[in-house]
Amino acid sequence: MTFSQPLVARHLFGPGPGNPYPEATAALGHPLLGHLDPAFLALMDETCDHLRQVWGTQNRRTLPLSATGSAGMEAGFVNTVEPGDVVVVGVNGLFGQRMCDVAARCGAEVIPVEFDWGTPVDPQRLADAHPNPKVIAAVHAETSTGVRSDIKALGELKDDALLLVDAVTAIGGIELKADDWGIDVGYAGTQKCLGVPPGLAPFTISERAWERRVQKPQSWYLDLGLLGGYLDSDGTGGGRTYHHTAPTAMVAALHAGLERILAEGLDAVIARHAKAGRLLQEGLQEMGLELFAQEGSRLPDLTTVKVPEGVDAGAVRGELLERFNIEIGAGAGKFAKSVWRIGLMGPNASEDSAELVLAALRAVLKR
Ligand SMILES: *Cc1c(COP(=O)(O)O)cnc(C)c1O
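Residues numbered from 1 in each chain as written. Predicted model: local features only at pLDDT ≥ 70, side-chain atom pairs only at ≥ 80, totals over all residues. Heavy atoms only, no water.

K.L.:
Help me understand the pairing of strand β10 (residues 201-205), please; the structure alone is not making it clear to me.
P.N.:
Counting buried positions along β10 gives 5 out of 5 residues, so the element sits mostly inside the fold. Alternating positions in β10 separate into two faces, A201, F203 and I205 on one and P202 and T204 on the other, with burial throughout. As defined by bridge partners, strand β2 (residues 61-65) adjoins β10 across 5 bridges and the pair is classed as antiparallel. Across the sheet, residue R61 finds its bridge partner in β10, namely I205. Bridging between strand β9 (residues 185-187) and β10 involves 3 bridges; their strand directions are antiparallel. Paired with Y187 across the strands is F203, a residue of β10. (Buried < 20%, exposed > 50% of the residue type's maximum accessible area, 1.4 Å probe, protein only. Helix = DSSP H or I, 4+ residues; strand = E, 2+ residues; numbered from the N terminus. Pairing = 2+ DSSP bridges.)

K.L.:
Looking at this structure, I do not really get the sheet that holds strand β8 (residues 162-166). What am I missing?
P.N.:
The strands that make up a sheet pair up through hydrogen bonds in the backbone, lying either parallel or antiparallel. Ordered in space as β2-β10-β9-β8-β5-β3-β4, the 7 strands form an open sheet in which the pairing is mixed. A single partner strand is all that each edge strand has here, and the edge strands are β2 and β4 (109-114). Here the average twist between neighbouring strands, direction ignored, is 15 degrees. In terms of strand pairing, strand β3 (residues 86-91) meets β4 through 6 bridges, oriented parallel. (Axes fitted to C-alpha atoms, helices over the stretch in contact; angles between N-to-C directions.)

K.L.:
Would you explain the packing of helix α11 (residues 266-286) against helix α13 (residues 351-366) in this entry?
P.N.:
The packing of two helices is summarised by the inter-axis angle and the distance between the axes. Running from amino to carboxyl end, α11 crosses α13 at an angle of 20 degrees, the nearest separation of the two axes being 8 Å. Regarding the angle of α11 to α13, the classification is roughly parallel. Crossing of α11 against α13: the hand is right-handed. Contact residues: K275, A276, L279, L280, G283 and L284 in α11; E351, A354, V357, L358 and L361 in α13. For the contact of α11 with α13, a count of residues per class yields 8 nonpolar, 1 polar and 2 charged. (Parallel < 35°, antiparallel > 145°, perpendicular 65-115°, else oblique. Left-handed = near helix turned anticlockwise from the far one by under 90°. Contact = heavy atoms within 4.5 Å. Nonpolar A, V, L, I, M, F, W, Y, C, P; charged D, E, K, R; others polar.)

K.L.:
Is there a simple way to explain the site of the ligand in this structure?
P.N.:
In the vicinity of the ligand, the contacting residues are T68, G69, S70, F95, V139, A141, T143, D166, V168, T169, Q191 and K192. Separating an oxygen atom of the ligand from a side-chain N or O atom of T143 is a distance of 2.3 Å. For the ligand, a nitrogen atom lies 2.6 Å from a polar atom in the side chain of D166. Relative to its unbound accessible surface of 380 Å², the ligand loses 89% to contact with the protein. Class assignment for the residues of the shell around the ligand results in 4 nonpolar, 6 polar and 2 charged. (Near = heavy atom within 4 Å. Polar contact = N/O pair within 3.5 Å; in protein donor to acceptor, adjacent residues only side chain to side chain. Areas by Shrake-Rupley, 256 points an atom, 1.4 Å probe, with all protein chains shown as cover.)

No statement about biological role is implied by the geometric values presented.
As structure tokens, then:
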């Protein structure tokens, strides 16, 4: 056996997973519930209610899909896109590129609208890309570049199109108002700002999108119609039928993480992320480092910073992990060796974590 558990818990300051809230970790150890147990159905109902709050939606069909954020992306497209449908995608990083790939596999006529990595998507250019697309898709928080795009403005311009939004690194970390902004289909993940281990994809779909959904999607597992047993709850659990075995321990963890967030207050949690990100970004600049994402569009929860000339990006990350148990991320795509990604998400969105990573980076760079 070559695996050995690190003696000290890692500080997960990369692009995700981040460290979970202790309440979420503790819930994983609760006695396991069966997936049709009335107690579990009540837990699931409450979890969906809590999810509505963090999404900013009244959508009846709001639930955690049983897989990671990428399955949320897949579910979003397979349930709205049929061969020949026109899909406009804003591409300003890795996850926008993935959306194009997933939409193309559904047979869509994909119109990618490209932007420089490190800059946000321009909503007007997306709206102008085609007169009548079925779907306009964009990433709210591009984790690959640390950039926030203006989803509210996109919602105002969407016209008849369905607005499909990746909120994986937005939910529970920055402002997100699905209903007010006109998001028709949204997906997220648990392991970023929600502070829960990876494994579920919080998902929401508006009535408008539901009516225009694909009747027989190419995916059986992610067919929202078949998932009706979870979706069409009347609160009694009576309508629940077996589709797949819900990962009940993960749902318990998500429930606990959401309770933790709502007890602190969603606005307070978002303000905490904003403050931690600001401290980190100011500290990095004081060290003489240059931020990668365009000013004015920087995410507080995921900071991208340029690797200084002559510094081995991978060696620094390795030393941070070995000496300080701190994980940070490499840059994405062609920026793998020239950018670092530092996430302060969930419980890590704190002044202490910002100071910790700054001090460690300073110590490593000094050598
Ligand atoms: C992490 C992430 C995903 C993918 O989520 P997984 O949980 O890794 O499947 C998708 N979009 C964005 C913006 C992400 O940050």
